[in-house]
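So the chains spell out like this:
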Amino acid sequence: MIGVFDSGFGGLTILKEIRRVLPEYDYLYLGDNARTPYGTRSFEVVYEYTLQAVKYLFGHGCELVILACNTASAKALRSIQQRDLCDMVGVLPNGMPKRRVLGIIRPTAEAVGAMTKTGHVGVLATQGTVDSESYPIEIHKLNPEIVVTQQACPMWVPLVENCEYDSAGADYFVKKYIAELMHKDPQTDTLLLGCTHYPLLQRKIEEVLRQSGMTQVRLLSQGQIVSESLRDYLQRHRDIEKACQHGGTCRYLTTEAEQKFAQSATIFMGEAIEVTHVELT
């Protein structure tokens, strides 16, 4: 299977788009909802929790794991790839690990350069992702001339997870964070939604941009970028692609209460799901 991991529900927006673009594969989604949010936790704790999840998914038949979580991608991916992966899964004759772990920050950073015309990009993200500096680092590796302005949006995840993302009360916080970012850099013409929860606020964000006369600002969501990047990756890595099952199935796991997860996940997926509770150690 292809494993998809997130600290909570946001990764479901990535999974939904991946399944739309690549419906033929089998997927196993794991949400560490009992220990969410990751955004306020230290690098060491996020690394430990993410490593536990990756080991679990490998142990349950996944050949490839996608960290569909910006915080996990920012704080844990590189360490797992460099320090743990080969010891966990072994290596191929070419020295590459037999199984792979991918994040969502790198493919997003690769897409930014083609979007911006002014060379000024804004990143809307959790405080943890902002503090990690992962987006500026990755964007500057590819396009060092781009100016990156970050804005933490601490109220957006609670709005989504409490089903208030489409309420009138959400308007204040959407306007607030966009205004703060644009005040920092008025030349920003591309806004990146750097958290997987934020696509549920996309309609509100687009409304604010339109009402504020910022129709030239492009909004970049990760789901489509990551799904297209994964398709390209599987085409280039035939050994991984051949190892993946092609049954078109999807299973869901959570470290939280099953009923609670199922109710919230329906908001993200647009359909009823069945979920199994698991423990990560």
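Look a little higher up for the structure.
Residues numbered from 1 in each chain as written. Predicted model: local features only at pLDDT ≥ 70, side-chain atom pairs only at ≥ 80, totals over all residues. Heavy atoms only, no water.

S.K.: So what's going on with the overall build of the protein chain? Which residues, and what values?
M.R.: What the protein chain contains, in helices and strands, is 13 helices and ten strands. Here the protein chain has a C-alpha radius of gyration of 18 Å; the compact-globule value for 281 residues is 19 Å, and the two agree. Each principal axis of the C-alpha distribution contributes one length, and for the protein chain these read about 55 × 45 × 35 Å. Looking at the protein chain as a whole, 57% of its 281 residues qualify as buried. The long-range fraction of contacts in the protein chain, counting pairs at least 24 apart against all pairs at least 6 apart in sequence, stands at 78%. Put simply, the protein chain shows about 12,200 Å² of open surface, and 49% of that area lies on carbon and sulfur atoms. (Helix = DSSP H or I, 4+ residues; strand = E, 2+ residues; numbered from the N terminus. Rg over C-alpha atoms; globule rule 2.2 N^0.38 Å. Buried < 20%, exposed > 50% of the residue type's maximum accessible area, 1.4 Å probe, protein only. Contact = heavy atoms within 4.5 Å. Areas by Shrake-Rupley, 256 points an atom, 1.4 Å probe, with all protein chains shown as cover.)

S.K.: Give me the environment of Met-115: which residues, what numbers.
M.R.: With respect to the helices and strands, Met-115 occurs in helix α5 (residues 105-115). Between the C-alpha atoms of Met-115 and Val-174, which are 59 residues apart in sequence, the distance is 22 Å. Those residues in contact with Met-115, other than ones at most four positions away along the chain, are Thr-190, Arg-218 and Leu-220.

S.K.: Just give me the short version of the sheet that holds strand β4 (residues 100-102), but keep the residues and values in it.
M.R.: An order of β4-β3-β1-β2-β9-β10 is seen for the six strands of this open sheet, with the pairing classed as parallel. In this open sheet, the two edge strands, each paired with only one partner strand, are β4 and β10 (275-277). Strand-to-strand twist of the sheet, defined as the mean angle between neighbouring strand axes without regard to direction, takes the value 20 degrees. Here strand β1 (residues 2-6) pairs with strand β3 (residues 64-67) via four bridges, running parallel. Looking at the pairing, Gly-3 lines up with Val-65 of β3. (Pairing = 2+ DSSP bridges. Axes fitted to C-alpha atoms, helices over the stretch in contact; angles between N-to-C directions.)

S.K.: An account of helix α9 (residues 168-184) is needed here, citing residue identities and associated values.
M.R.: Look at α9: 26 Å from first C-alpha to last across 17 residues, which is about the 24 Å you get at 1.5 Å a residue. Taken together, the buried positions of α9 are Ala-170, Val-174, Tyr-177, Ile-178, Leu-181 and Met-182. Projection of α9 onto a plane perpendicular to its axis shows the buried side chains occupying an angular sector of 130 degrees, all on one side. Every exposed residue of α9 that faces more than 90 degrees away from the buried side is listed here: Ala-168, Tyr-172 and His-183. Against β5 (120-125), β6 (147-152), α8 (156-161), β7 (190-193) and α10 (202-211) lie the buried residues of α9. (Expected span 1.5 Å × (residues − 1). Arc of directions from axis to C-beta.)

S.K.: So what's going on with the sheet that holds β6? Residues and values would help.
M.R.: An order of β6-β5-β7-β8 is seen for the four strands of this open sheet, with the pairing classed as parallel. The open sheet has two free edges, formed respectively by β6 and β8 (218-220), since each of these has just one partner strand. Here the average twist between neighbouring strands, direction ignored, is 25 degrees. Pairing analysis gives four bridges linking β5 to β7, with the strands arranged parallel. For Val-121, the partnering residue across the bridge sits in β7 and is Thr-190.

S.K.: Can you tell me about the environment of Leu-124, naming the residues and giving the values?
M.R.: Within the fold, Leu-124 resides in strand β5. Not counting the four nearest positions on each side in its chain, Leu-124 is found in contact with Gln-151, Cys-153, Trp-156, Tyr-177, Leu-181, Leu-191, Leu-192, Leu-193, Gly-194, Cys-195 and Tyr-198.

S.K.: Lay out the packing of aromatic side chains in plain terms, naming residues and giving numbers.
M.R.: The full count for this structure, using the stated rule, is ten aromatic pairs. Here Tyr-29 and Tyr-252 contribute two aromatic rings whose centre-to-centre distance is 6.3 Å and whose plane-to-plane angle is 50 degrees, an arrangement assigned as tilted. Of this pair, Tyr-29 sits in strand β2 (residues 27-31) while Tyr-252 sits in strand β9 (residues 250-254), and the two are 223 residues apart along the sequence. Grouping residues by exposure puts Tyr-29 and Tyr-252 together as buried. Judged by centre distance (5.8 Å) and plane angle (65 degrees), the ring pair of Trp-156 and Tyr-177 falls under edge-to-face. Of this pair, Trp-156 sits in helix α8 while Tyr-177 sits in helix α9, and the two are 21 residues apart along the sequence. Feature note: the residues Phe-9, Tyr-29, Tyr-252, Phe-261 and Phe-268 constitute an aromatic cluster, connected by ring pairs. One Lys or Arg, Lys-75, reaches over the ring of Phe-43 and ends 5.2 Å from the middle of that ring. (Phe/Tyr/Trp six-rings, centres within 6.5 Å; stacked < 30°, edge-to-face > 60°. Lys NZ or Arg CZ within 6 Å of the ring centre and 35° of its normal.)

S.K.: So what's going on with helix α13 (residues 258-269)? Residues and values would help.
M.R.: The first and last C-alpha atoms of α13 sit 16 Å apart over twelve residues, in line with the 16 Å expected at 1.5 Å per residue. Listed in full, the buried residues belonging to α13 are Phe-261, Ala-262, Ser-264, Ala-265, Phe-268 and Met-269. Packed against the buried residues of α13 are α1 (11-21), β2, α8, β9 and β10. Once α13 finishes, Gly-270 follows within two positions and takes phi at roughly 75 degrees, a positive value.

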